[in-house]
Amino acid sequence: MNVFRKCLERQMGIGKYHKYIETCRGSFSKEGVAQFANNSKPIYDDMYELLKRENQVDITERLSDMLSTLKTAFRITRYFVLVFLAYVAGNVALISMELDYGVTCVSILLMGICFLYKLVEFVCNKYCVMDAYLFMIYKSVLEKIAKESL
């Protein structure tokens, strides 16, 4: 699961999240990309109605959670190149050490499993278009409410 989805489910609830995703999927498949942005108004309004009842402290906490989620998403994307290079360097080092064949195979297998986990994490966070779109709507609603409450 990508970090945007986790944040939205945590902040809005699983039911609301699935409702928003279904709205996005319906808009995206029916009208295509051009009309996708125009159909975000009902989602924006629903999020706004839900969040405008919050007090200033809750809004500040939500903004803080949103920023930490963004940092996590950027960190995952930015450091993937380093993870890949470490994986390649580790494999080269293991092969060049000329250890016992079984030890080398098990070590490469374990490193491969770890790399596969990081790869899935990277791909899930890199290509989560609808979740990122919903997250940006959520961000704009929070910023609007934060400005209004000042």
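It should be emphasised that the depicted structure is a prediction, and the values quoted were computed from it without experimental measurement.

When you look at unusual backbone geometry in this model, what are you seeing that I'm missing?
One can expect most non-glycine residues to show negative phi and most peptide bonds to be in trans. Even without being a glycine, E98 presents a positive backbone phi close to 55 degrees. Its location among the elements puts E98 in the loop between α5 (56-96) and α6 (101-126).

It is not clear to me how the side chain of T69 should be interpreted in this structure. Could you clarify?
Examined against the element boundaries, T69 turns out to sit in helix α5. What makes T69 buried here is its relative accessible area of 5%. Among residues more than four places away in sequence, those in contact with T69 are V3, F4, C7, R10 and F135.

Is there a simple way to think about the packing of aromatic side chains in this case?
How two aromatic rings sit relative to each other is set out by the distance from centre to centre and by the angle between their planes. As enumerated under the stated definition, the model contains six aromatic pairs in all. Where F80 meets F122, the ring centres are 4.3 Å apart and the plane angle is 10 degrees; that geometry is what we call stacked. A residue pair is termed long-range when its members are at least 10 positions apart, and F80 in helix α5 and F122 in helix α6 qualify at 42 residues. With relative accessibility at 13%, the residue F80 sits in the buried group.

I would appreciate a short explanation of a nonpolar patch on the surface in the present structure.
Nonpolar side chains collect at one region of the surface, where Y79, V81, L82, F84, L85, V88 and V92 lie side by side and expose about 640 Å² of accessible area between them. Tracing the backbone shows L85 in helix α5. The class for L85 is partly exposed, based on a relative accessible area of 49%.

Quick question: what am I supposed to make of the confidence of the model for the protein here?
Should the pLDDT be low somewhere, the predicted coordinates at that spot are not to be read in detail. Averaged over all residues, the pLDDT of the protein equals 89, while 92% of them reach at least 70. Averaged over each element, pLDDT in the protein is lowest for helix α3 (residues 33-36) (59) and highest for α6 (95).

Just to check I follow, could you spell out helix α7 (residues 129-148) for this structure?
Count 3.6 residues to each turn of an α-helix, and residues three or four apart come out pointing the same way. In this model α7 runs 29 Å from its N-terminal to its C-terminal C-alpha over 20 residues, within 8% of the 28 Å that 1.5 Å per residue would give. Turning to α7, its buried residues number three or more, namely D131, Y133, L134, F135, I137, Y138, V141, L142, I145 and A146.

Any chance you could explain the packing of helix α4 (residues 41-51) against α7 here in plain terms?
The geometry of a pair of packed helices is captured by two quantities: the angle between their axes and the separation between those axes. Here α4 crosses α7 at 45 degrees, and the two axes come no closer than 10 Å. In terms of orientation, α4 lies oblique with respect to α7. Viewed along their axes, α4 and α7 form a crossing whose handedness is right-handed. Two secondary-structure elements touch here, α4 through I43, Y44, M47, Y48 and L51 and α7 through L134, I137, Y138, S140, V141, L142, K144, I145 and E148.

Mind showing me how you'd approach the environment of S96 here?
The topology assignment puts S96 in helix α5. In this structure the C-alpha to C-alpha distance between S96 and A73, which are 23 residues apart in sequence, comes to 35 Å.

Help me understand the pattern of salt bridges in this model?
Two side chains carrying opposite charge are able to pair once their charged atoms lie near each other. Under the counting rule described, the total for this entry stands at 10 salt bridges. The residue K19 makes a salt bridge to D46 at a minimum N-O spacing of 3.6 Å. Taken together, the positions of K19 in helix α2 (residues 14-31) and D46 in helix α4 put the pair 27 residues apart, joining distant regions of the chain. On the basis of relative accessible area, K19 is assigned to the partly exposed category, the value being 45%. E121 is paired through a salt bridge with K118; the nearest N and O atoms lie 3.0 Å apart. Here K118 and E121 lie together in helix α6, a separation of three residues that amounts to about one turn. Take K118: its relative accessible area is 27%, and that puts it in the partly exposed class.

What counts and how
- Residues numbered from 1 in each chain as written.
- Predicted model: local features only at pLDDT ≥ 70, side-chain atom pairs only at ≥ 80, totals over all residues.
- Heavy atoms only, no water.
- Helix = DSSP H or I, 4+ residues; strand = E, 2+ residues; numbered from the N terminus.
- Buried < 20%, exposed > 50% of the residue type's maximum accessible area, 1.4 Å probe, protein only.
- Contact = heavy atoms within 4.5 Å.
- Phe/Tyr/Trp six-rings, centres within 6.5 Å; stacked < 30°, edge-to-face > 60°.
- Patch = residues over 30% accessible without salt bridge, like charges linked within 9 Å, V, L, I, M, F, W, Y side chains within 5 Å.
- Areas by Shrake-Rupley, 256 points an atom, 1.4 Å probe, with all protein chains shown as cover.
- Salt bridge = Lys/Arg side-chain N within 4 Å of Asp/Glu carboxyl O.
- pLDDT = per-residue confidence, 0-100.
- Expected span 1.5 Å × (residues − 1).
- Axes fitted to C-alpha atoms, helices over the stretch in contact; angles between N-to-C directions.
- Parallel < 35°, antiparallel > 145°, perpendicular 65-115°, else oblique.
- Left-handed = near helix turned anticlockwise from the far one by under 90°.

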